[in-house]
Amino acid sequence: MALLQRGKTKDVYSHGDHMLELVFTDRVTKNDQGEVDPGGNNVSDSLAAGQGFACLSMTTAIFSYLAENGIPTHMVSYDLDKLSMVVRKAETFKPGLEWVCRWRGTGSFIRRYQNVPGAKDGMVFSSPVHEITIKDDAGGDPLIVPDAIVALGMMSADTLNELIALNAKAMNLIHDLFRQKGLDLWDIKIEWGKDAETGRLMLIDEVSANGCRAYDLDGKTKIAGEKLSGCFRMQTA
């Protein structure tokens with residue numbers, strides 16, 4: 001098993017012709033101010049004990065739930081003791097897209113629209129707000145509109161329409177799962193790719209506390225980190 005890539009928080013190993021093994025680590029990211037920040041673009045010099053287990057256990061629980069409800073993911077199997085997940089190899093839509101869904105306004109959304117009357121932190125949307133961003137750390141992960149995705153040749157119009165529908169279904173399921181856990185999901189980002197062998201669209205990477213904001217059902221107490229991951233803990237693989 002050869003190491004192919006050392007990412008910010010995960011290591012990627014070869015695992016046969018059409019699969020990879022992801023090993024979750026205790027590495028964490030920090031922002032430009034040096035603070036530990038899941039959305040940061042720099043790797044911290046210090047480790048956070050239990051971080052890898054927390055991210056993997058939450059990801060596998062969500063992926064399993066989505067698969068049971070008809071959403072394809074790249075997960076094949078996992079081993080919580082080894083902090084590893086075997087996945088299907090995926091092709092991404094270069095240079096990479098992140099799909100964001102917001103049920104409440106906060107963070108970059110409010111900063112972006114701060115001059116719009118009525119925009120305030122925690123505002124509740126009448127329907128989910130879907131956004132697509134380009135994975136570009138240096139550029140601040142800019143928004144991109146669907147027409148531009150097609151115009152730039154990142155994917156065909158047919159693939160984009162299929163993915164928009166699949167993404168909306170997945171986001172609704174994820175939101176419902178959070179509600180089942182007694183959590184109010186404010187926003188989340190996920191990533192899609194295509195199976196490198198079959199071309200099938202599938203959810204990739206991870207879905208963990210690193211990429212979402214959640215509160216209790218009253219919307220007053222933020223639930224994050226290990227406490228959030230613990231809500232999704234699966235006892236057996």
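What counts and how
- Residues numbered from 1 in each chain as written.
- Predicted model: local features only at pLDDT ≥ 70, side-chain atom pairs only at ≥ 80, totals over all residues.
- Heavy atoms only, no water.
- Salt bridge = Lys/Arg side-chain N within 4 Å of Asp/Glu carboxyl O.
- Helix = DSSP H or I, 4+ residues; strand = E, 2+ residues; numbered from the N terminus.
- Buried < 20%, exposed > 50% of the residue type's maximum accessible area, 1.4 Å probe, protein only.
- Pairing = 2+ DSSP bridges.
- Axes fitted to C-alpha atoms, helices over the stretch in contact; angles between N-to-C directions.
- Core = buried A, V, L, I, M, F, W, Y, C linked by side-chain atoms within 4.5 Å.
- Contact = heavy atoms within 4.5 Å.
- Expected span 1.5 Å × (residues − 1).
- Phe/Tyr/Trp six-rings, centres within 6.5 Å; stacked < 30°, edge-to-face > 60°.
- Lys NZ or Arg CZ within 6 Å of the ring centre and 35° of its normal.

Draft legend 1. Up close: the pattern of salt bridges. Enumeration over the complete set of coordinates arrives at 14 salt bridges. The shortest N-O distance in the salt bridge between Arg112 and Glu131 comes to 3.0 Å. Here Arg112 is found in helix H2 (residues 108–112), whereas its partner Glu131 is found in strand E10 (residues 124–134), with 19 residues between them in sequence.

Draft legend 2. Quick look at the pairing of strand E12 (residues 201–204). Side-chain alternation along E12 places Leu201 and Leu203 on one buried face and Met202 and Ile204 on a second face that is also buried. Turn length for the strand E11 (residues 183–195)-E12 hairpin, with the two strands adjacent in sequence and antiparallel, is five residues, and the turn residue Gly199 shows positive phi of about 80°.

Draft legend 3. View of the sheet that holds strand E6 (residues 75–79). One open sheet accounts for five strands, arranged E1-E2-E3-E7-E6; its pairing is antiparallel. Two strands bound the open sheet, and with one partner strand each, they are strand E1 (3–6) and E6. Mean inter-strand twist for the sheet, computed between neighbouring axes without regard to direction, equals 20°. With five bridges connecting them, strand E2 (residues 10–14) and strand E3 (residues 19–24) associate as antiparallel partners. Residue pairing across strands places Ser14 opposite Leu20, the latter belonging to E3.

Draft legend 4. A look at the nonpolar core. In this structure, Leu97, Phe178 and Leu228 are the most contacted members of the largest nonpolar core, which totals 52 residues. By residue number, the principal contributor to this core is helix H4 (residues 157–180), which donates nine residues. In contact with Leu228, other than residues within four places in its own chain, are Met58, Phe178, Leu183, Ala209, Cys212, Ala214 and Ile223.

Draft legend 5. Molecular detail of helix H1 (residues 51–68). Taking 1.5 Å of rise per residue, the 18 residues of H1 would be expected to cover 26 Å, and the 26 Å separating its terminal C-alpha atoms lies within 8% of that figure. Positioned one or two residues after H1, Gly70 has a phi angle of 85°, which is positive.

Draft legend 6. Geometry of the packing of aromatic side chains. All told, the structure shown has four aromatic pairs when counted by the stated rule. Each ring, one from Phe109 and one from Tyr113, has its centre 4.8 Å from the other, and the planes form 65°; the classification is edge-to-face. Of the residues examined, Tyr113 reaches a relative accessible area of 32% and is grouped as partly exposed. Within the aromatic cluster, the residues linked to one another by ring pairs are Phe109, Tyr113 and Phe125. Here Lys10 stacks its cationic end above the ring of Phe24, 5.5 Å away from the centre of that ring.

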